[in-house]
Amino acid sequence: MDLRYSLPAKLEQDFSAAVTDWENGKIGRLWARDASLWTNQDESKWLGWLDIVERQQKDVEKFRALAQDIKTAGFQYALLLGMGGSSLCPEVLAETFGQQDGFPRLSIVDSTDPAQVRAAEKSVDLKKTVIIVSSKSGSTLEPNILKQYFMARMKEAVGEKEAGKHFIAVTDPGSHMEQVAKADGFRHIFYGDPQIGGRYSALSSFGIVPAVVMGLDVEKLLSRAKIAVDACHSTDIKKNPGVKLGLILGVAANAGHDKITFFTSPAIYDMGAWFEQLIAESTGKQGKGITPVDLEEIADPDEYGEDRIFAYVRLEGADNARLDAAVERLEKAGQPVVRLAMRDVYDAAEQFFTWEIATAVAGSVIGIDAFNQPDVEAAKIEARRLTDEYEKTGKLPEQTPIFDDGKVKLFADPKYAAVLHGGQDIGQSDLPGYLRAHFAQLRAGDYFAVLGFIQRDREHEKTMQQMRHKVRDRKKVATCLGFGPRFLHSTGQDYKGGPNTGVFLQITGDHAQDLAIPDQKYTFGVVIDAQAAGDLSVLQQRGRRALRVHLGKDVEAGLEYLASAVEKALA
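All values derive from a computational prediction rather than experimental measurement.

Peer 1: Sorry if this is basic, but what is going on with the packing of aromatic side chains here?
Peer 2: Each aromatic ring pair is described using two quantities: the centre-to-centre distance and the angle formed by the ring planes. Scanning the model with the defined rule gives 24 aromatic pairs in all. One aromatic cluster in this structure is built from Trp31, Trp38, Trp49, Tyr200, Phe353 and Phe371.

Shown next, in the form of structure tokens:
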């Protein structure tokens, strides 16, 4: 793999010292699964991904058989129900490779927003659809309720006896999902490795099975991954792209360059979604970490502070002229930049393994356990508490807004509300005033994140992108954008467990048309509302600067109203 870098003089010195340290036996200790490279807890139990490529290569016959089965069955559509590590690699593959001749078009369902679930159902003909239920633990809320919903719909479409033949499970051995899949007569069950965490599972069955279903050449994918595996064994760090990249990221984070900003060739634009989950969940904890910034438009060097490191993943032969020139300007301005080249889209597998090694190494340099996700669990627990309460009482706890102008409502905990009020008993007079006070909390080295618990579609994303870029350009800070609940299984870990440098704007809305979940008292609307409330609660418990804006039933109109207020607040 071609990996080049440009670092300021001080970072270059730190990197050289780290290279000397790691060439003195640490690379061998990594491959020996030595937990003392991290916190000497249970890290050695989570390193099954180190040899997964070779194991998959020895087992390709089962993937060939699956490909033949899918092709013979004539499925035209494939839906994958999953979250985080179970869905982001398949999403990258679907967006990067597109539909293959003779195989189904793969789409990802990783939301509990009722409008988005309904849209996913309407985008396919269930009679011609295979559904992959992807859940490592088998107990994750979202894939379980999505499976309940789509199984009920499939039974209506093809009948009770035939429905199970339209489903494939990917899960760990002995999980609840395995039991469900067997009971419901799933077409296939593929197993993950209990010693591989979700975000490191791209080259396990969680990534490879969807790749087979959509018709990719998985032997070619695995062979490209094996190139990275072999390179990352090298004890010469000049020839070891994974360790080299990890040392750069780790020493940069320790020096305050803790916002990694991704730029990718347009044809591989979605790879950042996988990168950000891997890095945020692995490193963002104990007040430390690297905050990933994805899909932020590249700007001139003077738009950036001194807290960034830039990663440019470049696909050869793509339309790269604009990015090439802009990245070169960043390098000349003295910003830290790493460049990674892809010969073609199958090199995505090489990227997956290289970045997994790099993230593990960066975690060691930072001094954290790169394989747990304590704050993801905290948000899940809070959301589960709220849905349990709904099942008992028939309603979610009500909160009192700090502002309501008849179009939107604002919510914050008492401590942060006092900050927004400037120490006065009377709050701001209008929405731009509250937003102005919120944005005023941003300081050099902070980042701004807009988090939407609404349908993830092009129009909503476009409006939210405009908001984040206005904040970046006015405040000169890094900005992030996420849709709930998917970011809860990704960047949410860093937002809650990483450095307390985030300023958060959470967006929620009413549901014009809710959607029932078979065999549950709560609906999809109740679930996403509970997830938003749980996320906000944990952010507040962690002392984060978080403001929630509730848009009402007309989400589109509310979002435009909010965008206009953001512009006024920044004027």
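Now that the structure is up, let's keep going.
Peer 1: How should the nonpolar core be read in this particular structure?
Peer 2: One broad rule of soluble globular proteins: the nonpolar side chains tend to lie buried together. Counting residues in hydrophobic clusters, the biggest one holds 98 residues, and the most contacted among them are Trp49, Trp274, Phe352, Trp355 and Ile357. For this core, the element with the highest residue contribution is helix 15 (residues 348-366), accounting for eleven residues. Ranked by size, the runner-up nonpolar core spans 36 residues in total, among them Ala417, Leu420, Val471 and Val549.

Peer 1: Is there a simple way to explain the pairing of strand 2 (residues 77-81) in this structure?
Peer 2: Successive residues of a regular strand alternate their side chains across the two faces of the sheet. Along strand 2, five of the five residues are buried, which leaves the element largely enclosed by surrounding structure. Burial of strand 2 is two-sided: the residues Tyr77, Leu79 and Leu81 facing one way and the residues Ala78 and Leu80 facing the other way are all buried. Note: strand 2 against strand 3 (residues 105-109), five bridges, orientation parallel. Following the sheet pairing, Tyr77 is matched in strand 3 by Arg105.

Peer 1: Sorry if this is basic, but what is going on with the layout of surface pockets here?
Peer 2: When its volume is computed, the largest pocket comes out at roughly 1,200 Å³. The wall of the largest pocket is formed by 39 residues, among which Glu91, Glu95, Ile108, Gln116 and Arg456 lie closest to the centre. Elements with a contribution of two residues or more to the lining of the largest pocket: helix 5 (88-97), strand 3, helix 6 (114-122), helix 13 (271-283), helix 19 (458-475) and strand 14 (478-483). In terms of residue count, strand 3 provides more of the lining of the largest pocket than any other element does, five residues in total. Classifying every residue of the lining of the largest pocket gives 16 nonpolar, ten polar and 13 charged.

Peer 1: Explain empty space enclosed by the protein to me, please; I cannot follow it from the model alone.
Peer 2: Remark: the empty space left among the atoms is shown by a probe the size of a water molecule rolled over them. This model, assessed by the stated rule, comprises two cavities of 30 Å³ or more. One number sums up the size of the largest cavity: a volume of about 40 Å³. Asp110, Ser111, Gln116, Ile454, Arg456, Phe483, Gly484, Pro485 and Arg486 are the residues that line the largest cavity. When the residues that make up the lining of the largest cavity are grouped by side-chain class, the tally is three nonpolar, three polar and three charged. Estimated volume of the second largest cavity: approximately 30 Å³. Lining the second largest cavity, in full, are Cys89, Leu93, Ala202, Leu203, Gly207, Ile208, Leu221, Ala349 and Phe352. Going through the elements one at a time, helix 5, helix 10 (205-213) and helix 15 are the ones with two or more residues in the lining of the second largest cavity. For the lining of the second largest cavity, the per-class residue count stands at eight nonpolar, one polar and no charged.

Peer 1: Please explain the sheet that holds strand 2 as it appears in this structure.
Peer 2: Pairing between sheet strands relies on hydrogen bonds along the backbone, with the strands arranged either parallel or antiparallel. Read across the open sheet, the five strands follow the order 3-2-4-5-6; overall the sheet is parallel. Every interior strand has two partners, whereas the edge strands, strand 3 and strand 6 (188-191), have only one. Each strand of the sheet is rotated relative to its neighbour by a mean of 20 degrees, with strand direction disregarded. Pairing between strand 4 (residues 129-134) and strand 5 (residues 167-171): four bridges, direction parallel. Looking at strand 5, one finds that Ser134 is bridged to Val170. Those strands touched by helix 9 (residues 176-183) are strand 4, strand 5 and strand 6, and its axis lies near 165 degrees from that of strand 6. Across the face of the sheet, helix 10 comes into contact with strand 2, strand 3, strand 4, strand 5 and strand 6 while running at roughly 155 degrees to strand 5.

Peer 1: Looking at this model, I keep getting lost on the pattern of salt bridges. Mind explaining?
Peer 2: Working definition: two side chains of opposite charge can pair if their charged atoms are close together. A full pass over the atoms with the stated rule returns 44 salt bridges. In this structure, the salt-bridge partner of Asp51 is Arg33, at a minimum N-O distance of 3.4 Å. Taken together, the positions of Asp51 in the loop between helix 2 (26-31) and helix 3 (52-57) and Arg33 in the loop between helix 2 and helix 3 put the pair 18 residues apart, joining distant regions of the chain. Take Arg33: its relative accessible area is 24%, and that puts it in the partly exposed class. Between Glu296 and Arg472 there is a salt bridge; the shortest N-O distance is 3.9 Å. Of the two residues, Glu296 is situated in the loop between strand 8 (291-293) and strand 9 (308-315) and Arg472 in helix 19; the sequence distance between them amounts to 176 residues. Here Glu296 matches Arg472 in class, with each residue buried. Here the salt bridges do not stand alone but share partners, grouping Arg224, Arg343, Asp344, Asp347 and Glu350 into one network.

What counts, and at which threshold
- Here, residues in each chain are numbered from 1, in the same order as that chain's written sequence.
- Per-residue local features of the predicted model are confined to residues with pLDDT of at least 70, and side-chain atom pairs are confined, for both listing and counting, to 80 or more; whole-chain, interface and lining totals are unaffected and use all residues.
- Working from all heavy atoms in the structure, the side-chain values ignore hydrogens and water.
- Any pair of Phe, Tyr and Trp rings, taking the six-membered ring for Trp, is counted once the centres come within 6.5 Å. Such a pair is stacked with planes under 30 degrees apart, edge-to-face with planes over 60 apart, and tilted for the rest.
- Buried Ala, Val, Leu, Ile, Met, Phe, Trp, Tyr and Cys residues that are joined via side-chain atoms within 4.5 Å together make up what is termed a nonpolar core.
- Only protein chains enter the accessibility calculation, which uses a 1.4 Å probe; a residue is then buried when its area is under 20% of its type maximum, exposed when over 50%, and partly exposed in between.
- By definition, any uninterrupted DSSP run of H or I lasting at least four residues is a helix, any uninterrupted run of E lasting at least two residues is a strand, and each is numbered from the N terminus.
- Pairing between strands is defined by DSSP: at least two bridges between the two strands are required.
- Every definition here rests on a 1 Å grid over the protein atoms only: cavities are sets of points where a 1.4 Å probe fits but cannot get out, pockets are open sets enclosed by protein on both sides within 12 Å along at least five of seven lines, and lining residues have some atom within 4 Å of a point.
- Grid points are joined across faces, edges and corners, and a volume is the space filled by probe spheres set on the points.
- Charged means Asp, Glu, Lys or Arg here, nonpolar means Ala, Val, Leu, Ile, Met, Phe, Trp, Tyr, Cys or Pro, and polar covers whatever is left, Gly included.
- Between the N-to-C directions of two axes lies an angle of 0 to 180 degrees, each axis being a line fitted to C-alpha atoms and, for a helix, fitted only over the stretch in contact.
- In what follows, a contact means two residues having at least one pair of non-hydrogen atoms within 4.5 Å.
- Here, a salt bridge means any Lys or Arg side-chain nitrogen found within 4 Å of an Asp or Glu carboxyl oxygen.

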